[in-house]
Amino acid sequence: MIRRLLFVCVLTATLGGLAAAQRTAPAASTASTAPDSTLLTVDRIYASPEFRSGSFGPLAWLSDGAAYTTLERSAEAKEGRDIVRYDAQTGARTILVPAARLVPSGETAPLEIEEYSWSDDGNRLLIFTNSEQVWRTNTRGDYWVLDRTTWTLKKLGGAGPASTLMFAKFSPDGRRVGWVRYGEYNLYVEDLATGGITKLTTDGSRTTINGTFDWVYEEELGLQDGWRWSPDGQSIAYWQLDATGVRDFPLYNTTDSLYAYDVEVQYPKAGETNSAARVGVVGATGGGGTTRWLAIPGDPRNNYIARMEWAPPVGKGPGSQELVIQHMNRLQNTLHVMLADAKSGAVRTAFTEQDSAWVEQFDDLRFVNGGRDILWLSERSGWTHLYLFPRAGSGAPRAVTNGAFDVLSVAGVDTVGGWVYYTASPDNPTQRYLYRASYTRPGRSAPERLSPAAQSGVHGYNPSPSFRYAVHTYSRFGVPPTSEVISLPDHRSLRTLVDNAALKAKVAGLRLGATDFTQVDIGNGIRLNAYLIKPPGFDPSRRYPVFFTVYGGPGSQTVLDGWGGQNFLWHEMLAQRGYIVASVDNRGTGARGRAWRKVIYGQMGVVETKDQAAAARAIGRLPYVDSTRIGIWGWSYGGFMALNTITQAPDVYRMAIAVAPVTHWKYYDTIYTERYNGLPQDNAAGYDRGSPLTYAKNLRGKLLIVHGSGDDNVHYQNTEAMVNALVAANRPFQLMVYPNRTHSIAGGATRQHLFTLLTKFVEENLPAATGGATVQP
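Residues numbered from 1 in each chain as written. Predicted model: local features only at pLDDT ≥ 70, side-chain atom pairs only at ≥ 80, totals over all residues. Heavy atoms only, no water.

1. Thoughts on the packing of aromatic side chains
At step 1: Per the stated rule, a full pass over the model turns up 40 aromatic pairs.
At step 2: Taking the centre distance of 5.3 Å and the plane angle of 80° together, the rings of W570 and W633 count as edge-to-face. Of this pair, W570 sits in helix α5 (residues 565–576) while W633 sits in strand β40 (residues 625–635), and the two are 63 residues apart along the sequence. Side by side, W570 and W633 carry an identical accessibility label, which is buried.
At step 3: What links up through ring pairs into an aromatic cluster is the set W358, Y551, Y601, Y637, F640, W665, Y668, Y672 and Y676. (Phe/Tyr/Trp six-rings, centres within 6.5 Å; stacked < 30°, edge-to-face > 60°. Helix = DSSP H or I, 4+ residues; strand = E, 2+ residues; numbered from the N terminus. Buried < 20%, exposed > 50% of the residue type's maximum accessible area, 1.4 Å probe, protein only.)

Structure below.
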């Protein structure tokens, strides 16, 4: 009761302040004093489509790599979208599937396509529609198959409930579709010719999960689809999770019915019981059969199966009966790449990655050189680089890339040409460029940069299967993205998909100041990447307040030379109102080598906070900065950082905003937390040393905490713990809780309300220099 009264009082005061601001705002502009289109407002950014970026797709390359398909509004049907084929080279357009062909029997409107895929021969189309959310994304729904040879449309799943099929996929021959039934968590195979449905597993339940995953596997290992067809279509390999003993965390829903109720989420917090994972192989023909479980060593409840795929055969031999497994211990400092015999279940280790801090799975593992080598990403040199490891398990790895820079991602592997395409930025970690290196001649040929030298910024690529073409998306800081189809390797533009010309014109018409990308020297040879957005009409003889935006989490970066969307616009709005908006990437962030990233191990929040505070002090010494007016804000890990900085460096920060913050890592999940901080049972001091709860008594500045009460990721429990610590220390603060909102705090007018609140808090508690742009509240 006391806690609820505190919440109501603080919330009422916050909303009352907003209402007062609205009541006392100047009258609306008349026609003779129209709003200045060069100035940004919260409503323009968050409550209108004015600055919405253009999009295309979803775009899917066809298997020959010479063309792609996309969805376009039908010119003939009143509703629905056509599936349209474009020749990559010429742009020739062909409607493959008119929307009119997607009208189910007895209906008048075509299916609303959310996702789609083709059978290997291109004769059948698998359509995902009518989806609903599972955990964080919409992964259950209805699946339909369209046969283009007869134009028949068939719904899968028999007479089962609507929106309960997950991860449906064609068999290699296109004659069957496999899927998982949501809620039941069993695997099925459906014969498209006969309509017969075979149940492959029978033990599925809320705690025995076949073919998909629990909350933490999805959130932290990026796993949702938990089953794979064998190359010959005779078998299916799948994960099974035993969630017995994983405790539920109840989310208290008070808004969707007259009486509140709990939503139970299986959520293993740091140091608590995990699901036990194993991989099995079951026959996919006839009546299915008994699952053969792989003999993976170790306690399945204290190890992770982070990736699993069928491995190709060696050379031109018969189809492979091997699976490749990425297996990690619970501390995630040892990863074994294993090969498993699907018939016997026997497992052997091809190679092992170890690190005194942590290792991570690799999404783009590939078998190359006739299946004899495994292409792998490793930090063993101190930088993240690509290597070839012998599949047989004997022999030293061979470096494909090397140098004092990180390979940041793999865009694709051309197994015909012998090239691996990857993203890196050897000279400037705030940017991203495409390179390719030969894996058939490792160390004997220099990598080639394919991104144009004249286009500095952030480049992203979606190459075709043939690697003759790619979709290229490019942006710079303050410049919205352009997407185009290009040829490779010459990077010649073939056609523009989205140029965002209208958005670019809108942004170009704004009154903006300069942005400086720089490095901040915090001593001991440490220079942190940073940017400073300066107010329009910047006067170096004046002294400005500085408002920092922070994330700071492991491997992340906020200091990037790319388009920043709505947050960029909000930061520019604050600059228009007289603020310097700055961001700094502390140690622990990405693209600067292993030692830089992993210095935070076992002490999340300690090094990062020291770096941010040191950077703020250094920037505060600039002649045009008022060091008594420094503030900071962040979301999620950034909220954690905002709380730590204002409580650990109270002499530096005048105000802080923490949105959806972690306040102690014991409240967060096993996989993420233990990867970077170890087990709380072994490292209690490290957990406490990085927690803002430890330093709540030091708070001197103004603090606003914002959280969604329905946050299934960073539980509202974190904020309640911080509230209790601040109350115990008798420290004043403000709190805003958005009922039943998730970690994104969105929906309807929520973002508009949120950023109105944040703007008001900044302006009231970090007064801007006079002479900034004059705008309405």
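After presenting the structure, the write-up continues.
2. Notes on the nonpolar core
At step 1: Y217, L386, F548, Y653 and W665 are the most contacted members of the largest nonpolar core, which has 125 residues in total.
At step 2: In this structure, Y46, I533, V659 and Y738 belong to the second largest nonpolar core, which totals 40 residues. (Core = buried A, V, L, I, M, F, W, Y, C linked by side-chain atoms within 4.5 Å.)

3. Details of the side chain of H664
At step 1: You can see H664 is positioned in the loop between β41 (655–659) and α9 (670–677).
At step 2: The class for H664 is buried, based on a relative accessible area of 6%.
At step 3: A polar contact is formed between the side chain of H664 and the side chain of D688, at a distance of 2.8 Å.
At step 4: The residues contacting H664, other than those within four sequence positions of it, are Y687, D688, S691, L693 and N718. (Polar contact = N/O pair within 3.5 Å; in protein donor to acceptor, adjacent residues only side chain to side chain. Contact = heavy atoms within 4.5 Å.)

4. What to know about the pairing of strand β35 (residues 492–498)
At step 1: Relative to β35, strand β34 (residues 479–487) is paired through 5 bridges, and the arrangement is antiparallel. Its bridge partner lying in β35, E484 is registered against T496.
At step 2: Linking two consecutive strands that pair antiparallel, namely β34 and β35, is a turn of 4 residues; a positive phi of about 60° is found at H491 within it. (Pairing = 2+ DSSP bridges.)

5. A short note on empty space enclosed by the protein
At step 1: For the coordinates displayed, the defined rule picks out 1 cavity of 30 Å³ or more.
At step 2: The space that makes up the largest cavity amounts to roughly 40 Å³.
At step 3: Around the largest cavity, the lining residues are D142, K155, L156, G157, G158, G160, P161, L165 and R181.
At step 4: When the residues that make up the lining of the largest cavity are grouped by side-chain class, the tally is 3 nonpolar, 3 polar and 3 charged. (1 Å grid on protein atoms, 1.4 Å probe; cavity = no way out; pocket = protein on both sides within 12 Å on 5 of 7 lines; lining within 4 Å. Points joined across faces, edges and corners; volume = space filled by probe spheres on them. Nonpolar A, V, L, I, M, F, W, Y, C, P; charged D, E, K, R; others polar.)

6. Here's the deal with the sheet that holds β34
At step 1: Strand order in the open sheet formed by 4 strands is β32-β33-β34-β35, with antiparallel pairing between adjacent strands. Of all the strands in the sheet, the pair left with one neighbour each is β32 (458–463) and β35. Neighbouring strand axes in the sheet, compared pairwise and without regard to direction, differ in orientation by 30° on average.
At step 2: The pairing of β32 with strand β33 (residues 469–476) spans 6 bridges and is antiparallel. Counted as the bridge partner of P463 is A470 from β33. (Axes fitted to C-alpha atoms, helices over the stretch in contact; angles between N-to-C directions.)

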